[in-house]
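An overview of the molecular structure
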Amino acid sequence: MDTIAGIATPPGEGGIAIIRISGDDALEVASKIFIPKNKNRAIKNAKGYTAIFGTAVDGDTELDEAVALIFRGPRSYTGEDEVEIQCHGGNMAPKAILRAAYREGARPADRGEYTKRAFLNGRISLTEAEAVAEMISAQSSQGERAALSLMKGSLYRKAEEMKAGLITAEANISAAIEFPDEAPDIDDAEIISILSETRDGLEKLLKNYSTGLAVMRGVPVVIAGSPNVGKSTIMNLLSGTDRAIVSPTAGTTRDVIESTIDCDGITLFLSDTAGIRDTDDAAEAEGVRRALDKVSDTALLIAVFDQSKKLDEGDRKLLETAEGIPSVAIINKSDLENRIETGEIKKRFAEVITISAIDESSREEIVKAVHNAIGVNGLSPDAGLLVSERQRSCVERGLGAVNEAIEAIEYGITYDAVHVLIGEAIESLAELSGENVTEEVLDDVFSRFCVGK
Ligand SMILES: Nc1nc2c(ncn2[C@@H]2O[C@H](COP(=O)(O)OP(=O)(O)OP(=O)(O)O)[C@@H](O)[C@H]2O)c(=O)[nH]1
Ligand SMILES: [Mg+2]
């Protein structure tokens, strides 16, 4: 393929920057812009996986001291010949070296083009390529672990395993249809067993979709409740700072206060909000409006109640608004006398904890409840996770076809129809791993990458 060049490191100041050159003429281009210090060494003769120290140049102009790393295809990231030139960081040297590479025949790399080439050259599957993007943007330790497992092919293997089962079923049916006299009869039970197993696998992937995304990308969480129930105290407890003002006066918080925290391996985008109540104060009323707005489209709600008081209008408004939103209910101020109608809260929320937010050890309980609500505990990244709408839609189509195939067998519909349906399911799985994918889909996947990856 033609030769591309790009800067692989982020812009700005840094110890080292890397210019990445890949393609048929990568060694040729690199040898024109890099002079080894040791005259006996030459990029063009270098073996793969070697490093050479020297000077990056543009014609007669010396640009920087640098190290060239040589990779020979197919044993490189892209699968092609590749040279990475490491120079000093900052804005000047890397750009000058990149310009020199362009002048010597490389063209600017598109977004994600190195990874796209790795895919096109059969180095990685499409799901693994998508995992690379997740790895780069991973914010939390759990997200990174999940992305790594995907990069190593956990989803690809899962999809291939299901596809292999379907192909066996398809082959049995084909033989029986085409050679009714010679091939063994179709064993309904066996076909159904393969299909059910595939169905279970696909259902599991879909079920874990939102949890997987939450783990990878973080979860927006809104803390809401009546005034003075301890929302800001909980915000501060979770973030480990005095981010929000806490005071005994009801109506302290008015603006939405945001903080990004690491909640034991999961990133939470927390919003602390104004206490919900009817008020004549225009600014506070706007705060309440924003709070309810935030609650209605959050991924997870932490609904806070004050144990020492009966449920008030704000509490009831929250109970109503929380309907259908994944939530954790916190009954706070457990150190005070219990006057609240706990039953009503437990009726509405699956996850209810009673704590005192002024006691630091309650953080652990909140974290546990939040993890439960997100479903992190039952999640095994090694079983493969879906990370994009594209992947989800492949799995959903596959599942639809498998379900129809099972029904068709159960209703005694001809095996021709079952055969077609299994074929559709196989196609969806092939699309998932990228075996069978259009140029448009590829462009869409790789356009989400940065240049240089
Ligand atoms: N006794 C007791 N007091 C608490 C507890 N949690 C918070 N408080 C106190 O309750 C008062 C209100 O706390 P905040 O965190 O400001 O409550 P808020 O819900 O953010 O209030 P607004 O912003 O006004 O809506 C403060 O005086 C806190 O110290 C608790 O568990 N027990
Ligand atoms: Mg507050």
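In this text, all values refer to a predicted model and were calculated from it rather than measured experimentally.

With that out of the way, let us pick up the overall build of the protein chain. Of the regular secondary structure elements, the protein chain holds 16 helices and 13 strands. Whereas a compact globule of 453 residues would reach a radius of gyration of roughly 22 Å, the protein chain reaches 29 Å, over 25% beyond that. Here the protein chain, with 453 residues, has 42% of them falling under the buried criterion. Sequence separation of 24 or more characterises 67% of the internal contacts of the protein chain that already satisfy a separation of 6 or more.

Taken together, 24 residues are adjacent to ligand 1, and Gly 230, Ser 232, Thr 233, Thr 253 and Gly 275 come closest. Residue composition of the shell around ligand 1, by class: nine nonpolar, twelve polar and three charged.

Taken in spatial order, the seven strands make up an open sheet running 3-4-5-6-2-1-7, and their pairing is mixed. Of all strands in the sheet, those with a lone pairing partner are strand 3 (34-36) and strand 7 (107-108), marking the two edges.

Considered domain by domain, the protein chain is made up of domain 1 (4-109), domain 2 (139-208 + 384-437) and domain 3 (217-374). Relative placement of domain 2 and domain 3: their C-alpha centres are 43 Å apart. The interface of domain 2 with domain 3 comprises five residues on the first partner and six residues on the second. For the side of domain 2 that touches domain 3, the class distribution of residues is no nonpolar, five polar and no charged.

Residue placement: Glu 435 occurs in the loop between helix 15 (415-433) and helix 16 (439-446). Sequence separation between Glu 435 and Glu 337 is 98 residues, and the spatial gap between their C-alpha atoms is 63 Å.

Attention now moves to helix 3 (residues 113-120). The element helix 3 is extensively covered by neighbouring structure, given that seven of its eight residues are classed as buried. What helix 3 keeps buried is the set Glu 113, Tyr 114, Thr 115, Lys 116, Arg 117, Ala 118 and Phe 119. Looking at the buried residues of helix 3, the elements they touch are strand 1 (4-7), strand 2 (16-22), helix 4 (126-137) and helix 16. Gly 122 sits one or two positions beyond helix 3 and adopts a positive phi of about 75°.

As a further point, take the packing of helix 6 (residues 154-178) against helix 15. The N-to-C vectors of helix 6 and helix 15 enclose an angle of 155°; their axes lie 9 Å apart at closest approach. The pairing of helix 6 with helix 15 is recorded here as roughly antiparallel in orientation. In this structure, the crossing between helix 6 and helix 15 has a hand that is left-handed. Classifying every residue of the contact of helix 6 with helix 15 gives 17 nonpolar, four polar and four charged.

With six of seven residues buried, strand 10 (residues 266-272) lies mostly within the body of the structure. Pairing between strand 8 (residues 219-225) and strand 10: five bridges, direction parallel. By the bridge assignment, Ile 223 is partnered in strand 10 with Asp 272. By the bridge criterion, seven bridges tie strand 9 (residues 257-263) to strand 10 in an arrangement that is antiparallel. Paired with Thr 260 across the bridge in strand 10 is Phe 269. Hairpin connection, strand 9 to strand 10: the antiparallel pair is bridged by two residues, and Asp 264 has positive phi, about 45°.

Strand order in the open sheet formed by six strands is 9-10-8-11-12-13, and the pairing between neighbours is mixed. The strands lining the two open edges of the sheet, one partner per strand, are strand 9 and strand 13 (352-354). Put simply, the sheet's adjacent strands are angled 25° from each other on average, direction ignored. Examined bridge by bridge, strand 11 (residues 300-306) and strand 12 (residues 327-332) share six bridges and lie parallel to one another.

Conventions and cut-offs
Residues numbered from 1 in each chain as written. Chains lettered and ligands numbered in written order. Predicted model: local features only at pLDDT ≥ 70, side-chain atom pairs only at ≥ 80, totals over all residues. Helix = DSSP H or I, 4+ residues; strand = E, 2+ residues; numbered from the N terminus. Rg over C-alpha atoms; globule rule 2.2 N^0.38 Å. Buried ≥ 20, exposed ≤ 12 C-beta atoms within 10 Å, placed from the backbone. Contact = placed C-beta atoms within 7 Å. Near = placed C-beta within 6 Å. Nonpolar A, V, L, I, M, F, W, Y, C, P; charged D, E, K, R; others polar. Pairing = 2+ DSSP bridges. Domains from an automatic or database assignment. Axes fitted to C-alpha atoms, helices over the stretch in contact; angles between N-to-C directions. Parallel < 35°, antiparallel > 145°, perpendicular 65-115°, else oblique. Left-handed = near helix turned anticlockwise from the far one by under 90°.

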